[in-house]
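Examining the three-dimensional arrangement
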Amino acid sequence: PADAHQLAVLLAASPASAQMRCDGVTDDTASFQAAVNANANGSFALPRGQCIISGTVAVTNTIHISGVGNGAQSINAGTTLEWRGPSNVPLLDLQGVHDASFDDFLIEATPAYPLAVGIQSQTIAHRGGGSRADTSGVEGGYREGVFTL
């Protein structure tokens, strides 16, 4: 499929994201943070599967993170970030980021691991040309400052 080819190309360009297992068992938090750090001011694709995330992943630079398809709930299972951390912190925390985009993945929480906010931005400031956080194709919460969008 075309998305498999695109994923292979993106993963080849960013080996850190290839360390993510996304097997529904392994905690992928550290490898996800490593992929974000390795691809600062760039982009990378999350692998297909159920990625277990147990703590906040900090994003400190412009970035584009793309998944595969519509998450594990779809017939052609795509990328799901499944939260297994505390309920009072976000899964992704954009810190001083002026341009970020996220495509085609599902952020999922369960009653055992509730999640108040999937993607949080504390410092997107609309100054001099503006800033943006685009979450097209992402299902889950997004909060800018104290507002939930």
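Quick notes on the rules
- Residues numbered from 1 in each chain as written.
- Predicted model: local features only at pLDDT ≥ 70, side-chain atom pairs only at ≥ 80, totals over all residues.
- Heavy atoms only, no water.
- Helix = DSSP H or I, 4+ residues; strand = E, 2+ residues; numbered from the N terminus.
- Buried < 20%, exposed > 50% of the residue type's maximum accessible area, 1.4 Å probe, protein only.
- Contact = heavy atoms within 4.5 Å.
- Areas by Shrake-Rupley, 256 points an atom, 1.4 Å probe, with all protein chains shown as cover.
- Core = buried A, V, L, I, M, F, W, Y, C linked by side-chain atoms within 4.5 Å.
- Salt bridge = Lys/Arg side-chain N within 4 Å of Asp/Glu carboxyl O.
- Pairing = 2+ DSSP bridges.
- pLDDT = per-residue confidence, 0-100.
- Polar contact = N/O pair within 3.5 Å; in protein donor to acceptor, adjacent residues only side chain to side chain.
- Phe/Tyr/Trp six-rings, centres within 6.5 Å; stacked < 30°, edge-to-face > 60°.

On to the overall build of the chain, then. Across its full length, the chain holds 2 helices and 14 strands. Put simply, the chain has 149 residues, and 44% of those count as buried. Of the contacts made within the chain by residues no fewer than 6 positions apart, 69% connect residues no fewer than 24 positions apart. Accessible area of the chain: about 7200 Å², with a carbon and sulfur share of 53%.

Counting 25 residues, the largest nonpolar core has Phe32, Ile65 and Leu91 as its most contacted members. Listed by contribution, the elements that provide at least two residues to this core are helix H2 (29-38), strand E3 (49-53), strand E4 (57-59), strand E5 (63-66), strand E6 (79-83), strand E7 (92-94), strand E8 (99-103) and strand E9 (105-108). Per element, the largest residue contribution to this core is 3 residues, and it comes from H2. Setting aside residues no more than four positions away along its own chain, Leu91 makes contact with Phe32, Ile53, Gly55, Thr56, Val57, Leu81, Trp83, Ile107, Leu115, Val117 and Gly118.

The subject of this paragraph is the pattern of salt bridges. Using the criterion set out here, one finds 2 salt bridges in the structure. Here Arg84 ties to Glu82 by a salt bridge, and the two come within 2.9 Å at their closest N and O atoms.

Now for the pairing of E8. Most of E8 sits inside the fold, with 4 of its 5 residues counted as buried. Direction of pairing for E5 relative to E8: parallel, over a ladder of 4 bridges. In the strand pairing of E8, Ile63 is matched with Ala100.

On to the confidence of the model for the chain. Looking at the chain as a whole, its pLDDT mean stands at 74, while 64% of the residues score no less than 70. Overall, residues 124-132 carries pLDDT values under 50, and its contacts beyond four positions in sequence, including any with other chains, amount to 18 contacts. With pLDDT under 50 throughout, residues 141-149 is counted as low confidence; its partners more than four residues away or in other chains account for 22 contacts.

By secondary structure assignment, the location of Thr56 is in the loop between E3 and E4. Between the alpha carbons of Thr56 and Gln120 there is a distance of 10.0 Å; along the sequence they are 64 residues apart. Excluding residues that lie within four positions of it along the chain, Thr56 makes contacts with Gln33, Trp83, Val89, Pro90, Leu91 and Asp93. From its side chain, Thr56 meets the backbone oxygen of Pro90 in a polar contact 2.5 Å long.

Okay, the packing of aromatic side chains next. By the definition in use, this model includes 2 aromatic pairs. For the ring pair Phe32 and Phe44, a centre distance of 6.4 Å and an interplane angle of 70° mean the geometry is edge-to-face. Residue Phe32 is located in helix H2, and its partner Phe44 is located in strand E2 (residues 42-45); the two are separated by 12 residues in the primary sequence. When sorted by exposure, Phe32 lands in the same class as Phe44, which is buried. Consider the rings of Phe102 and Phe105, whose centres lie 6.5 Å apart with planes at 90°: the pair is edge-to-face. By the burial criterion, Phe102 is buried, and Phe105 matches it.

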